[in-house]
Amino acid sequence: MSTTRTRRAALMAATVTAALVLAACGGSDSDSDSGDASHGSSHGTSTSPSADTAAAHNAQDVSFAQGMIPHHRQALEMAELAADRASSAEVKSLAARIEKAQDPEIKTMSGWLKSWGEEAPEAGASMPGMDHGSQSGMPGMMDDGDMEELGKASGKGFDTMFLTMMVEHHEGAIDMAGTEKAKGRYAAATAMADDIITGQTAEITEMNKLLGKS
């Protein structure tokens, strides 16, 4: 509980300190657009399951897909809020690109799990033993309180809160993807993990720039 409160306090502090920086940002999407091509195209290589999908996978591949699906879904929840609540054109562009990249990956991973005879997390539900709390076992996940605060925010305050939370969320996804690259066996899954690391690392750099940290 104390960890969650500490993180929330840190998020609020970041919101206060970075708000003026965001206020000075213009409406240019030049940086965002440059990242779109590299991020979006790389995910296109993750195709739907083929006849040999069930072969050559291990427990790590299953764990990666079962964990990353709800992780991606939470990122989509956050991105959807940005469409109506963000004031920055850069934040809206980033959120749209997150949806464009991660929604197809959810479908792909769900297809893998089905072909492997494994349980795929349903929309709106976490895997057994997992929740949105800091103890969920999935790094970077926001808890219900964080998501409630984000849902109540708007304008420049939303922009800063969204960026701060999404940086943490992306860092968690990169950790999970790194484990998959190191221990996974299924080639398409390790390739997706590599795409996640590349794309989300670039987005973290972009978000930190918007927050005035680079």
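Residues numbered from 1 in each chain as written. Predicted model: local features only at pLDDT ≥ 70, side-chain atom pairs only at ≥ 80, totals over all residues. Heavy atoms only, no water.

With that settled, the discussion passes to the overall build of the protein. The secondary structure content of the protein amounts to seven helices and zero strands. In the protein, the order of α-helices and β-strands from amino to carboxyl end is α-α-α-α-α-α-α. Looking at the protein residue by residue over its 214 residues, the buried ones come to 46%. Accessible area for the protein stands at about 9700 Å²; split by element, carbon and sulfur atoms hold 54% of it. (Helix = DSSP H or I, 4+ residues; strand = E, 2+ residues; numbered from the N terminus. Buried < 20%, exposed > 50% of the residue type's maximum accessible area, 1.4 Å probe, protein only. Areas by Shrake-Rupley, 256 points an atom, 1.4 Å probe, with all protein chains shown as cover.)

Turning our attention to the packing of helix α3 (residues 59-85) against helix α7 (residues 187-210). Their axes nearest at 11 Å, the elements α3 and α7 cross at an angle of 40 degrees. As the angle between them shows, α3 and α7 are arranged oblique. When you trace α3 past α7, the crossing you get is left-handed. Each of D61, F64, M68 and H72 in α3 lies in contact with α7, whose residues at this interface are A189, A193, I196 and Q200. (Axes fitted to C-alpha atoms, helices over the stretch in contact; angles between N-to-C directions. Parallel < 35°, antiparallel > 145°, perpendicular 65-115°, else oblique. Left-handed = near helix turned anticlockwise from the far one by under 90°. Contact = heavy atoms within 4.5 Å.)

All right, on to the side chain of H169 then. Secondary-structure assignment places H169 in helix α6 (residues 155-183). Of note is the side chain of H169, whose polar atom sits 3.1 Å from the side chain of Q74. Dropping the residues within four chain positions of it, H169 is found in contact with H71, Q74, A75, M78, G140, M141 and M142. (Polar contact = N/O pair within 3.5 Å; in protein donor to acceptor, adjacent residues only side chain to side chain.)

Let us look at the environment of E149. Mapped onto the secondary structure, E149 falls in helix α5 (residues 144-152). Put simply, E149 and M161 are twelve residues apart on the chain and 8.8 Å apart in space, counted from C-alpha to C-alpha.

Another point: the confidence of the model for the protein. Overall, the prediction assigns the protein a mean pLDDT of 80, with 67% of residues at 70 or greater. Below a pLDDT of 50 lies the segment residues 13-17, which in the model reaches five contacts outside its immediate sequence neighbourhood of four places, other chains included. The model gives residues 126-135 a pLDDT under 50, and that stretch makes 20 contacts with residues more than four places away or in other chains. (pLDDT = per-residue confidence, 0-100.)

Below, the discussion takes up the packing of aromatic side chains. For the structure on display, the rule yields four aromatic pairs. A connected cluster of aromatic rings, assembled from ring pairs, spans W112, W116 and Y186. (Phe/Tyr/Trp six-rings, centres within 6.5 Å; stacked < 30°, edge-to-face > 60°.)

To continue, consider the pattern of salt bridges. Under the counting rule described, the total for this entry stands at four salt bridges. For D103, the salt bridge identified is with K107, shortest N-O distance 2.7 Å. Separated by four residues within a single helix, D103 and K107 lie in helix α4 (residues 89-116), roughly one turn from each other. K107 sits in the exposed class, given a relative accessible area of 55%. In this structure, D194 engages K181 in a salt bridge whose closest nitrogen and oxygen atoms are separated by 2.9 Å. Residue D194 is located in helix α7, and its partner K181 is located in helix α6; the two are separated by 13 residues in the primary sequence. (Salt bridge = Lys/Arg side-chain N within 4 Å of Asp/Glu carboxyl O.)

As a further point, take the nonpolar core. M78, F162 and L163 are the most contacted members of the largest nonpolar core, which has 25 residues in total. Sorting the residues of this core by element identifies α3, α4, α5, α6 and α7 as the ones contributing at least two each. Not counting chain neighbours up to four residues away, the residues in contact with F162 comprise M78, A79, A82, V91, L94, A95, I98 and L150. By size, the runner-up hydrophobic cluster in this structure holds 21 residues, among which are L76, W112, M138 and M141. (Core = buried A, V, L, I, M, F, W, Y, C linked by side-chain atoms within 4.5 Å.)

Below, the discussion takes up α3. For α3, with 27 residues, the first-to-last C-alpha span of 40 Å sits near the 39 Å given by 1.5 Å per residue. With 19 of 27 residues buried, α3 is to be regarded as a mostly interior element. N-cap assignment for α3: the residue whose side-chain oxygen lies 3.2 Å from the backbone N of Q60 is N58. (Expected span 1.5 Å × (residues − 1).)

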